[in-house]
Every structure is written in C-alpha cells, then in structure tokens.
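Residue strings, one per chain:
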Amino acid sequence: AAYDEPFRGQFHFSSRSGWMNDVNAPLYYNGQYHLFYQHNPHGLGWDTMHWGHATSPDLVHWTQKPVALEPGAHPGDLFSGAGVVDTTNASGLKTGADAPIVVFTGTNGVSIAYSTDGARTFQSYDRGRKVVTPTGTSRDPKVLWDAARGRWVMVVWSDGGGNGVNVYTSANLLDWTYRSRYAAGWLFECPDFFPLPVDGNAANVRWVMTDASGEYVTGTFDGAVFTPDWTAPQRMDQGRNSFDGTFYAGLTFSNMPDGRTVQMAWQPGNRGGTWTGNASFPVQLGLISTPAGPRVTRFPVAEIASLRQGTTTWSNRTITTDPATDPFAGITADTYEILAEFDVGTATATQFGFQLHRRADGGHDRAVVYDRTAQTLYGAPLAPLNGRVKVRLLVDRGQLEVFGNDGRLSFTDNVNFNSAAGSQGIRLFATGGSVRLVSAELHRLGSAWG
Ligand code: FRU
C-alpha cells in the first residue's frame, strides 16, 4: 500500500513521490494547516524546484494536494520562502470570499505569488517582478506580522558583505522598505524570525533569529533593527544540521489560530524507491530562562495524541542489570512514542536507556542512552532537573526524534529501522547499578495518511 515502504515515515510527512527538501510557507487558514515544500516531482534528487502542497486539519494527519507553484507557470526560481494570510486585504488582491494567501519565493531578489481561492491555485504578482533585491546572492524570504507595529516584516538571507539578513517592512505585503541588515557571519540560508515569551511570561518577550541549521540567537526588535543578546549562536536541535544531515531549514507557521509557535523542518536523508526526504514532526517552540540566557525548547505538538492507538503505562519500577526488571520485556511495536521519567538523583546505574527495534538474538537498531556521569542523553548534554530526567522518543520507520526534559534537548535523527516482525522489541536497561523509573508511557502511533 502507499506509504508502506521500508523507512517511509508513517506519521512523518513526505511527498507521495519524488524529492522533497525545505518546508515552505507553513500557515493556517480557515480550519486547515497548509504545508508547502521544495519538491521535484520528476525524480528522486534535487532538481526543477516546484512547491509541493499538503493540508491538515490538525498538523498530524495530512492530505496531498496538487503542486502549488510550477516552473514555467510561475516565473523565477521557485526556491524556499514564506507565506502569510492577508486577513484585512491590505494587499487589495482579494477577489472573492477568501482572504488572499500571499507567498514569497525567488533567488537574488524576492517575487510574490498569491491565491484568491484559499490556496487551491496561485498566480504570480506582477509577472514575478522582484519586490526586494538585496546585494549579493540572496534567497529564502520569511514574512511575519509585527503585531506591536501593525505591519509586516520580511527577513531575507543574503551574502552581500558576508552572511546575514536584510530586514524590510511593509503595510500592504507588496511594497517593501529596507530597514536594516543583521550581519551575523554564522547565519546561512532559510532565516526564521519570531517573538516568544520567556518562561511563558507575556511581559518578557524575546525575538529569536534562526537559520537553516537551527542556529539561533535571541534579542530585541524595535520594528526595524534586531539587536542580539549575544553573538555566538546556540543550536535548537542536536541532529546533523546540513543539507545532507537530519535537521535543516525549519520554519514556523503563520497565522496560527492559538498563538502557539509551531515549527516543521526538512529531515534530509531518508529515502526509498519512490521518495526522498521527509519533514520532521511538528514541534511547539518555547523559550526558557537559564543562567546563560534564554534558550529555545522544542517539543512535539499536543495533537500527537490523536495518532495514539493503544497505550501501556507503568509507574515506580526499579530497573536493575537483571533483564527480569525490564517492564518492556515481551512488548513489540512498529511506530510509537515513549515518554519516561527517571529518578537520577537516587540512581546508582552509570547508564540507562532504551534499545529500539530489538531482535530475539539480542541485537537492536539503535540505543538511546542516558549517561549519568557525563550527563548526556543520546550523546548530547542534558543535566537532570530536580534530580529527574525525562526522555521522550518518537520512533517511526526511518525517523527517530529524541527529546529530553520537556524539549530542553531535541535531537532529530534518521535510523533505518528494521520493521520486520521479530525486529520490533523494546528493551529498557540499566548498567552498573539501578535506576528508578518514576513513570513510563508507550503509545503506538497510527498513520498520518487519510
Ligand atoms: C536550503 C536551500 C535554500 C533554497 C532551497 C532550494 O535547503 O538551499 O536555501 O531556497 O534549498 O531548494
């Protein structure tokens, strides 16, 4: 059946066939989430960029739609970009009942396309005329609504005079005024820019500037100029952050109905006989204060609950080196989610964790280990919080996402899991001592495809 190939994400979005790279113009309109993406429908490699399109009522169940932007029909390079809903018809592009959906794309300058029929069809604005033309190589516009100033903001990557972004503003989405340049040498491709409350406090908002590799700085924005809090970027995801890595080119949704900041990214590297690449699972972004400054958290959207197809829970178990203490013994699962909390403060185990897709011969496809001495989860730093470590795993056919302590750690990875019967075991283990499992949940996850 469709989507049933080995390594094909069952609850991760991928194009039905062909190549996908960056997520483009994620937005909410009229009861549906729209996801566009860099797409080559003619082959399994990067070529002839189109904008693929899919919709979802809930961010986790997806329906494929016809290609939205196509070379020839739409002028220019149809490279990565953003989209917004022009609710007030500031652009004057509205023709019927639907609010205009305005998308931004192009290389070495930004062109506009728009839909007046709720994203069913798109036409080019002014034959693809470039509405901004930064110096040097430029691409990947992101457009957002600046509520404090009541106008639109565009950030565009360019390498003119070194890597950075140009900042523009507009009242009508069509005419843009240059405001400033944020010349950060680290920043490369696919910027995103959004405000987030620190620790959920609406009175303490910082702006986050990220690039394709998920490197970011926080700072302030006065409507024209971004002023960073620090200069060395942090990484919001510990996966390999490159075009041939496992996490790249994340973008946040526009026009969210509930104020959440939700991000999807391109998860390069997974491929089968009919498709290449998929999107990472949608996450809600947050900002928490730390002694070193505000840090981004990434955590799966709550809607994941609607994929759950059966749940097993445990509480207060002591896991030792004796396999008889493993509560997962005898359980098999193909695509699933695990949430587990461990009492690290009282642990004597040097390491504990999960072996995923374990076979009868004792082998397994991947282990996710917490190292109590190094204080690392899956090799990335994660200190206990109040003596506890929380581990959350999303396990799909070719995709593994590891989250630690409510999204303080996020690691988007690819694993070619062997989903054959007999290769679907799970093992919770401890080495060198014991650890108390405070609680655990296993949820089998169903398919994203309607
Ligand atoms: C990042 C990227 C973007 C560009 C797009 C082209 O993956 O190189 O900078 O717009 O891919 O497909």
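Anything mentioned here points back to the structure above.
Here is what the cut-offs are and how they apply
- Residues numbered from 1 in each chain as written.
- Predicted model: local features only at pLDDT ≥ 70, side-chain atom pairs only at ≥ 80, totals over all residues.
- Heavy atoms only, no water.
- Pairing = 2+ DSSP bridges.
- Helix = DSSP H or I, 4+ residues; strand = E, 2+ residues; numbered from the N terminus.
- Axes fitted to C-alpha atoms, helices over the stretch in contact; angles between N-to-C directions.
- 1 Å grid on protein atoms, 1.4 Å probe; cavity = no way out; pocket = protein on both sides within 12 Å on 5 of 7 lines; lining within 4 Å.
- Points joined across faces, edges and corners; volume = space filled by probe spheres on them.
- Nonpolar A, V, L, I, M, F, W, Y, C, P; charged D, E, K, R; others polar.
- Domains from an automatic or database assignment.
- Buried < 20%, exposed > 50% of the residue type's maximum accessible area, 1.4 Å probe, protein only.

What to know about the sheet that holds strand β11 (residues 164-170)
Move 1: With antiparallel pairing, the four strands of this open sheet are ordered in space as β9-β10-β11-β12. Looking at which strands have only one partner, the edges of the open sheet turn out to be β9 (138-146) and β12 (177-182). On average, adjacent strands in this sheet sit at an angle of 25 degrees to one another, irrespective of strand direction.
Move 2: For strand β10 (residues 151-158) and β11, the ladder comprises seven bridges, and the chain directions are antiparallel. Among the inter-strand pairings, Trp-157 is bridged to a residue of β11, identified as Val-165.

A few points about the layout of surface pockets
Move 1: Space inside the largest pocket adds up to approximately 740 Å³.
Move 2: What lines the largest pocket is a set of 30 residues, among which Leu-144, Trp-145, Pro-195, Phe-253 and Asn-255 lie closest to the centre.
Move 3: Put simply, the parts of the chain that give the lining of the largest pocket at least two residues each are β5 (83-85), β9 and β13 (192-198).
Move 4: The residue makeup of the lining of the largest pocket, split by class, is 19 nonpolar, seven polar and four charged.
Move 5: There is about 460 Å³ of room inside the second largest pocket.
Move 6: If you trace the second largest pocket, you find 19 residues lining it, with Thr-290, Arg-295, Pro-381, Arg-408 and Leu-409 closest to the centre.
Move 7: Counting only elements with at least two residues in the lining of the second largest pocket, the list comes to β17 (234-235), β22 (295-300) and β31 (409-414).
Move 8: Partitioning the lining of the second largest pocket into residue classes produces eleven nonpolar, five polar and three charged.
Move 9: Inspection of the lining of the second largest pocket shows a minimum of three residues originating in each of domain 1 (18-300) and domain 2 (305-445).

Considering unusual backbone geometry
Move 1: Unlike most non-glycine residues, Arg-127 shows phi in positive territory, near 55 degrees.
Move 2: Arg-127 sits in the exposed class, given a relative accessible area of 72%.
Move 3: A positive phi angle is found at Cys-190, which is not glycine, with a value near 45 degrees.
Move 4: For Cys-190, the position within the fold is in the loop between β12 and β13.

Here we look at the pairing of β31
Move 1: Of all six residues that make up β31, six are buried, and the element is covered over most of its length.
Move 2: Covered by surrounding structure in β31 are Leu-409, Phe-411 and Asp-413 together with Ser-410, Thr-412 and Asn-414, the residues of both alternating faces.
Move 3: Of the pairings in the sheet, the one linking strand β30 (residues 399-404) to β31 comprises six bridges and is antiparallel in character. Its bridge partner lying in β31, Glu-401 is registered against Thr-412.
Move 4: The turn linking β30 back onto β31 is made up of four residues, and Asn-405 within it adopts a positive phi angle of 45 degrees.

From the geometry alone we can't say anything about function, so treat these as descriptive.
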